[in-house]
Amino acid sequence: MVASKGKISPPAPPVNGRRGQPATYQTRISDFADMDRASGNKLLSAYADRYCGIQRRLFADVAAGRSAVSLKPEYLRRYRIPARMFNAVRVSLEGKVASVREQQLLRRDELLGQIARAQDRMAQEQTTQAGEGARGDWLHQKRRRLEKLRGRLERLELDIQAGRIRLCFGSRRLWRKQHNLEANGYSCHEKWLSDWRSARSDEFFVLGSKDETAGCQLCVALVADDGSLTLRLRLPDCLAGEQGKYLVIPGVRFKYGHEQVLAALDSNAEYGACRRRHGEKAARQSGLGQAVSYRFKRDARGWRVFLTTALTKAPVVTDRSRGAIGVDLNADHLAVSETDASGNPVNCFSVPLVTYGKSRRQAEAIIGDAVADVVAHAREVGKPIVLEKLDFRQKKAGLEGASPRYSRMLSSFSYARIKACFLSRGIRQGVEVYQVNPAFSSVIGRVKFMERYGLSAHQAAALALARRFLGCSEGIPRLRVAPLGNGVRVAFSVPARKRVKHVWTLWGCVLGQLRPVLAAQYRLGKRRRRPNPVRAPA
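Residues numbered from 1 in each chain as written. Predicted model: local features only at pLDDT ≥ 70, side-chain atom pairs only at ≥ 80, totals over all residues. Heavy atoms only, no water.

Asks: Could you clarify how one ought to interpret unusual backbone geometry in this entry?
Replies: A positive phi angle is found at Asp34, which is not glycine, with a value near 65 degrees. Considering the arrangement of structural elements, one finds Asp34 in the loop between strand E1 (22-28) and helix H1 (37-63). One non-glycine residue with positive phi stands out, namely Phe440, at about 60 degrees. Secondary-structure assignment places Phe440 in the loop between strand E12 (433-436) and helix H13 (441-453). (Helix = DSSP H or I, 4+ residues; strand = E, 2+ residues; numbered from the N terminus.)

Asks: Sorry, what's going on with the pairing of strand E9 (residues 333-339) here?
Replies: The two faces of the sheet receive side chains in turn, since in a regular strand these alternate between them. The buried fraction of E9 is high, at seven of seven residues. Burial along E9 is two-sided: the residues His333, Ala335, Ser337 and Thr339 and Leu334, Val336 and Glu338 are all buried. Bridge analysis of E9 against strand E10 (residues 345-352) gives seven bridges, and the strand direction is antiparallel. In the strand pairing of E10, His333 is matched with Pro352. Between E9 and E10, which follow one another and run antiparallel, lie five residues, and Gly343 among them has a positive phi close to 90 degrees. (Buried < 20%, exposed > 50% of the residue type's maximum accessible area, 1.4 Å probe, protein only. Pairing = 2+ DSSP bridges.)

Asks: Just to check I follow, could you spell out the sheet that holds strand E5 (residues 246-252) for this structure?
Replies: What links the strands of a sheet is backbone hydrogen bonding, and the strands pair in either a parallel or an antiparallel sense. The strand order across the open sheet formed by three strands is E3-E4-E5, and the pairing between neighbours is antiparallel. Looking at strand neighbours, the two that pair on one side only are strand E3 (219-223) and E5, the edges of this open sheet. Each adjacent strand pair in this sheet contributes to an overall mean axis angle of 20 degrees, direction not counted. Two strands pair when backbone bridges link them, and strand E4 (residues 229-234) and E5 are joined in this way by five bridges, in the antiparallel orientation. Along E5, the bridge assignment pairs Leu233 with Leu247. (Axes fitted to C-alpha atoms, helices over the stretch in contact; angles between N-to-C directions.)

Asks: How should a positive patch on the surface be read in this particular structure?
Replies: A grouping of Arg144, Lys148, Arg152 and Arg155 is seen on the molecular surface, where their side chains present a positively charged patch. With respect to the helices and strands, Arg144 occurs in helix H4 (residues 133-162). (Patch = residues over 30% accessible without salt bridge, like charges linked within 9 Å, V, L, I, M, F, W, Y side chains within 5 Å. Areas by Shrake-Rupley, 256 points an atom, 1.4 Å probe, with all protein chains shown as cover. Salt bridge = Lys/Arg side-chain N within 4 Å of Asp/Glu carboxyl O. Lys, Arg positive; Asp, Glu negative; His and termini not counted. Charge placed at Lys NZ, Arg CZ, Asp CG, Glu CD.)

Asks: Is there a simple way to think about the confidence of the model for the protein chain in this case?
Replies: Should pLDDT be low for a region, the predicted coordinates there are not to be read in detail. Confidence along the protein chain averages 84 in pLDDT terms, with 85% of residues attaining 70 or more. Low pLDDT, under 50, characterises residues 1-11; the stretch is placed with 25 contacts to residues that sit more than four places away or in other chains. Across residues 532-538, confidence stays below pLDDT 50; counting only partners more than four residues off in sequence or on other chains, it has zero contacts. (pLDDT = per-residue confidence, 0-100. Contact = heavy atoms within 4.5 Å.)

Asks: Even after reading the chapter, I still don't get the pattern of salt bridges, so can you show me in this structure?
Replies: When the charged atoms of two side chains lie near each other, side chains of opposite charge can form a pair. Across all of its chains, the model carries 23 salt bridges by this definition. A salt bridge links Glu74 to Arg78; its shortest N-O distance comes to 2.3 Å. Note that Glu74 and Arg78 are positioned in helix H2 (residues 72-79) at a spacing of four residues, about one turn of the helix. Exposure remark for Glu74: the relative accessible area of 23% places this residue in the partly exposed category. Accessibility expressed as a relative area gives 40% for Arg78, which makes it partly exposed. One salt bridge in this structure joins Asp159 and Arg166, with 2.8 Å as the shortest N-O distance. Look at Asp159 and you get buried, because its relative accessible area is 6%.

Right, here's the structure in full:
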């Protein structure tokens, strides 16, 4: 058995340990009170037109240098809207602006990396080839692309320095379709303009707060006798007519998460009772109440409503003193290794997870089923889940020059979606989810655990992740031999250990020796698996 070396480090806070993890549930609106469905959809569309028009006007005023907060009294008088509606417009717009600013920084880093890689590839090609014939044309195209990248970077730098935000309400993709109408299925510009106006006004947001009735002042959810919800949407004064101030939407039921919504509404009711009985200060300190926000979205079939609130956490049933469950994320499966409290493996298995070639909904279903199996096992044994903290953004940005197979694999791999699924299901099931640095976990698992316990390379890496969470240090084994698979082993050497250097320095030396050997073995195995194109004579 493998003993733990070194002191057990204090437990890191779980990823799903943050209070108030938000969750969003959706359903379709199928009925309205005191009016037919067509009239109700028309009224929601009028609300969306007013909301999105105000948001675009507010964006123009803010871009001109005015403060959004100072514009509130003016907008309330001009558009005859309640204050909470203006707050929803402002918060939604601020979120979009913040997203664009963050995307500008990420895009700048991506362009710098693409320019550096293009320059390196061109330098390598110029030193190895004379630059004539087909390779000369390749260099010419690379120079053209390099100049395009530099131009994009220059324009982006100017936007960042000037604080300029470029927002296209209605999507740039639809905006560009007007320049080639027939190729995009439009017979005239008027039909495109109709779609463009519809896309620019197809949603609105209703901001909630826990100190308001049912968590939201403008859209109050009432629980019916059958357990369904009745939404009472407050209309702005500019839309209030014969139907009154409110649009009532009965029979709302969420297929997934309806119990969580009811629990949030019960918490808000208890918060209101506590505030009336003990005062505002005591109610805020009680931890009761949850903000409930709504987003109404129109599609080809009608209107949908998205409800966002904080997840009600289930009691935690996992304990690191029992061990841990390491999960190594791969493009086609999840490798799972369970350990005891000392870091010794007790169970290892793999869960299929193939999302390549699947639609978004199919991929989400496959990921959900795979994560559900792992979380159910963690809940059964009472051990936390340990994931690897990865950043695939840089890897995906460096796909230039990579093999088509690797590019397709990495592009279809949704690490963020898998991680989010682990977090949400872990909160609902009371299973803690942690993240650790995955540095050298693959080479550690291959050298120390793969052959010793008969594991796959990925299961051995998952075992290394679980042991790292438990505080087990991984020294270089005395037998300096690493298995490559199929009974093949390769020897390696390491420099003398110095106290000033971390043990990962030695593992870096081991990885540097194994990487070319593994690459050569992969190429050899690929050639062996290649079918013979010559047919045998009949």
